[in-house]
Amino acid sequence: MTLFSRIKQAVDRLIAAFSVAVMIALVVCVVWQVFSRYVLNQPSTLTDELARFLMIWVGLLGAAYTVGAQRHLAIDLLAMSITPRKQQLLGVVINLLIFIFSGAVIVTGGVKLIAKTLATSQVSAAMQIPMGYVYLILPLTGIIMMFYALWFITNGLRSLKQPEGAC
């Protein structure tokens, strides 16, 4: 197993564990929100906002994990009608597009959003935390997606270098 593969495995485990922790926190927030609203008759204002932020984080982390597992939404009509070698080339092209999109839109856009919200001192309504901290997940997941895309591009190019029968 290569160093790059071991790093990917570690990133997979880290994202999975962090996603589970965020999901558990989300469930606790929602349960507390329901309990405080219907049993205590005093709804918690913090848990509503925290649950919203945690939902954003778990969704974006899930998207990054999905890219790493190559389980993202795909229409494989074209891929099923071409040779295995061309399928590998198509996989490289698709991952190159994922890499470019992740870098240009998610990372760059996320960094700009964070800078803008921190510069304007925008804070969340209930928790009064800087919104830039909430948006940190954008460039983080973009970088993770870029890492995964690079990993699949590297493996795809390595497979394409092999002779036709070895694929």
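Note that the coordinates shown come from a computational prediction; the quantities given were computed from them, not determined experimentally.

Engineer: An account of a nonpolar patch on the surface is requested, with residue identities and associated values reported.
Structural biologist: Nonpolar side chains collect at one region of the surface, where V30, W32, V34, F35, Y38, V39 and L40 lie side by side and expose about 690 Å² of accessible area between them. Mapped onto the secondary structure, F35 falls in helix α1 (residues 3-38).

Engineer: Can you tell me about the pattern of salt bridges, naming the residues and giving the values?
Structural biologist: One pass over the structure, following the stated rule, counts two salt bridges. A salt bridge links K8 to D12; its shortest N-O distance comes to 3.0 Å. Highlighted residues: K8 and D12, both in helix α1, separated by four residues, approximately one helical turn. Across this residue pair, the class does not change: K8 and D12 are buried. For D48, the salt bridge is made with R52, and the minimal N-O distance between the two is 3.0 Å. With D48 and R52 both in helix α2 (residues 45-68), this residue pair falls four residues apart, about one helical turn.

Engineer: Kindly report on the packing of α1 against α2, identifying the contributing residues and their values.
Structural biologist: In contact at an axis separation of 9 Å, α1 and α2 are set at 155° when each is read in the N-to-C sense. Viewed along their axes, α1 and α2 adopt a mutual orientation that is roughly antiparallel. At the point where α1 passes α2, the crossing takes the left-handed sense. Residue composition of the contact of α1 with α2, grouped by class: 18 nonpolar, four polar and three charged.

Engineer: Could you give an account of the packing of aromatic side chains, naming the residues involved and the relevant values?
Structural biologist: Counting across every chain of the model gives five aromatic pairs. Ring plane angle 85° and centroid distance 5.4 Å describe the contact between F4 and F147, whose orientation is recorded as edge-to-face. With F4 in helix α1 and F147 in helix α6 (residues 137-161), this residue pair connects regions lying 143 residues apart in the sequence. Residue F4 is classed as partly exposed on the basis of its relative accessible area, which comes to 25%. In this structure F147 comes out as buried when scored by relative accessible area, which is 18%. Judged by centre distance (6.3 Å) and plane angle (55°), the rings of F18 and W57 are tilted. Taken together, the positions of F18 in helix α1 and W57 in helix α2 put the pair 39 residues apart, joining distant regions of the chain. For F18, a relative accessible area of 38% gives the class partly exposed. With a relative accessible area of 19%, W57 lands in the buried category. An aromatic cluster is present here, built from F4, F147 and Y148 joined pairwise through their rings.

Reading guide: rules and limits
Residues numbered from 1 in each chain as written. Predicted model: local features only at pLDDT ≥ 70, side-chain atom pairs only at ≥ 80, totals over all residues. Heavy atoms only, no water. Patch = residues over 30% accessible without salt bridge, like charges linked within 9 Å, V, L, I, M, F, W, Y side chains within 5 Å. Areas by Shrake-Rupley, 256 points an atom, 1.4 Å probe, with all protein chains shown as cover. Salt bridge = Lys/Arg side-chain N within 4 Å of Asp/Glu carboxyl O. Helix = DSSP H or I, 4+ residues; strand = E, 2+ residues; numbered from the N terminus. Buried < 20%, exposed > 50% of the residue type's maximum accessible area, 1.4 Å probe, protein only. Axes fitted to C-alpha atoms, helices over the stretch in contact; angles between N-to-C directions. Parallel < 35°, antiparallel > 145°, perpendicular 65-115°, else oblique. Left-handed = near helix turned anticlockwise from the far one by under 90°. Nonpolar A, V, L, I, M, F, W, Y, C, P; charged D, E, K, R; others polar. Phe/Tyr/Trp six-rings, centres within 6.5 Å; stacked < 30°, edge-to-face > 60°.

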